[in-house]
Amino acid sequence: MIVVTGATGQVGGELVRLLAAAGERVTALSRRTVSFPEGVRHSAGDLAEPASLKPALDGADALFLLVAGEDPRAVLGEAVAGGIRRVVLLSSQGAGTRPHAYGHPVAFEQAVRESGLEWTILRPGGFDSNALAWAEPIRAHRTAAAPFGDVALPVIDPADIAEVAAAVLRQDGHGGRTYELTGPEPVTPRRRAAAIGGALGTEVRFVEQTEEEARAQMSRFMPAPVVEGTLAILGTPTAAERRVSPDVERLLGRAPRTFADWAARNVAAFR
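For clarity, every value in this text was computed on a predicted model and none was experimentally measured.

Calculation notes
Residues numbered from 1 in each chain as written. Predicted model: local features only at pLDDT ≥ 70, side-chain atom pairs only at ≥ 80, totals over all residues. Heavy atoms only, no water. Axes fitted to C-alpha atoms, helices over the stretch in contact; angles between N-to-C directions. Helix = DSSP H or I, 4+ residues; strand = E, 2+ residues; numbered from the N terminus. Left-handed = near helix turned anticlockwise from the far one by under 90°. Contact = heavy atoms within 4.5 Å. Nonpolar A, V, L, I, M, F, W, Y, C, P; charged D, E, K, R; others polar. Pairing = 2+ DSSP bridges. Phe/Tyr/Trp six-rings, centres within 6.5 Å; stacked < 30°, edge-to-face > 60°. Buried < 20%, exposed > 50% of the residue type's maximum accessible area, 1.4 Å probe, protein only.

(A) Focus on the packing of helix α3 (residues 72-81) against helix α5 (residues 103-113). Their axes nearest at 9 Å, the elements α3 and α5 cross at an angle of 35°. For the element pair α3 and α5, the recorded crossing hand is right-handed. Mapping the contact onto sequence places P72, R73 and L76 in α3 and A107, F108, Q110, A111 and V112 in α5. Residue composition of the contact of α3 with α5, by class: 6 nonpolar, 1 polar and 1 charged.

So this is what it looks like as structure tokens:
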């Protein structure tokens, strides 16, 4: 049995679908119930309340774990008690490149490494789906706003992250490894807006925000250290943050999907 936390999210939801399609027994763990594939068991639980995970973990042998809640060691203690042997953690590229700003995923990574379980860590860069923040202004005004419009980063399709996670959860040989997950090429915010316009068949005007405007917007839903770390990655990325990792292709046997692929599949959100 494989337990998927965050089972209603963009990565977790697709991972549940992939595992079920492959014939795996899956427990989808989330705070709310949505429609899951036939045969998937749902268990209500919250990573912020580790004891609530017991029913989902009991008798399972593998766990896909998000960075959520404040006590990763308690979560992993419940996993061990429930019989989990393998854990795959969805962390963040920033845990490796800017650990001072990404203390939350760093703490989860350390707890996973010290858990005694067979572990694998996935460190994706920025998600293609972050462009959904543009959905409302694109629908209303055909405009998209972001800072650092001409700084390119190799953002990744969440569906590729889910496919990697499915492979790592189902296959042996990934224990003790950390995989960097990126898209196939660095793409600027300006080009991402143009790709959405291409999917829509109309022009999307790109508006470059100032750093202060972006900081004010991000501060509404991100802690201050993460805001500063994110702005630093977006504006002055390191060589490691600009690098296209080979790990997705090595693990899946194909190149990662492009941002244009993601935009075409998700164009309905921008209509």
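There is more to say after this.
(B) Structural detail: the sheet that holds strand β2 (residues 26-30). Taking strand neighbours across the sheet as the criterion, the 7 strands line up as β3-β2-β1-β4-β5-β6-β8 in an open arrangement whose pairing is parallel. The open sheet terminates on both sides in strands that have one partner only, identified here as β3 (41-44) and β8 (177-181). Neighbour-to-neighbour, the strand axes of this sheet turn through a mean angle of 20°, independent of strand direction. Where strand β1 (residues 2-5) meets β2, 4 bridges bridge the pair, whose relative direction is parallel. What sits directly across from V3, in β2, is T27. Against the sheet, helix α1 (residues 10-21) contacts β1, β2, β4 (62-66) and β5 (86-90), and its axis sits at roughly 160° relative to β1. Against the sheet, α5 contacts β4, β5, β6 (118-124) and β8, and its axis sits at roughly 160° relative to β6.

(C) Representation of the packing of aromatic side chains in the model. Taken as a whole, this structure holds 3 aromatic pairs when the rule is applied. Ring geometry for W134 against F206: centres 6.5 Å apart, planes inclined by 75°, an arrangement best described as edge-to-face. Here W134 is found in the loop between β6 and α6 (135-141), whereas its partner F206 is found in strand β9 (residues 205-209), with 72 residues between them in sequence. By relative accessible area, W134 is classed as buried at 10%. Classification of F206 by relative accessible area gives buried; the value is 12%. Between W262 and F270, the ring centres sit 6.1 Å apart and the planes meet at 75°, which makes this aromatic pair edge-to-face. Look at W262 and you get buried, because its relative accessible area is 2%. Residue class for F270 comes out buried when judged on its relative accessible area of 0%.

So, to be careful, I would describe these as geometric facts and stop short of saying anything about function.
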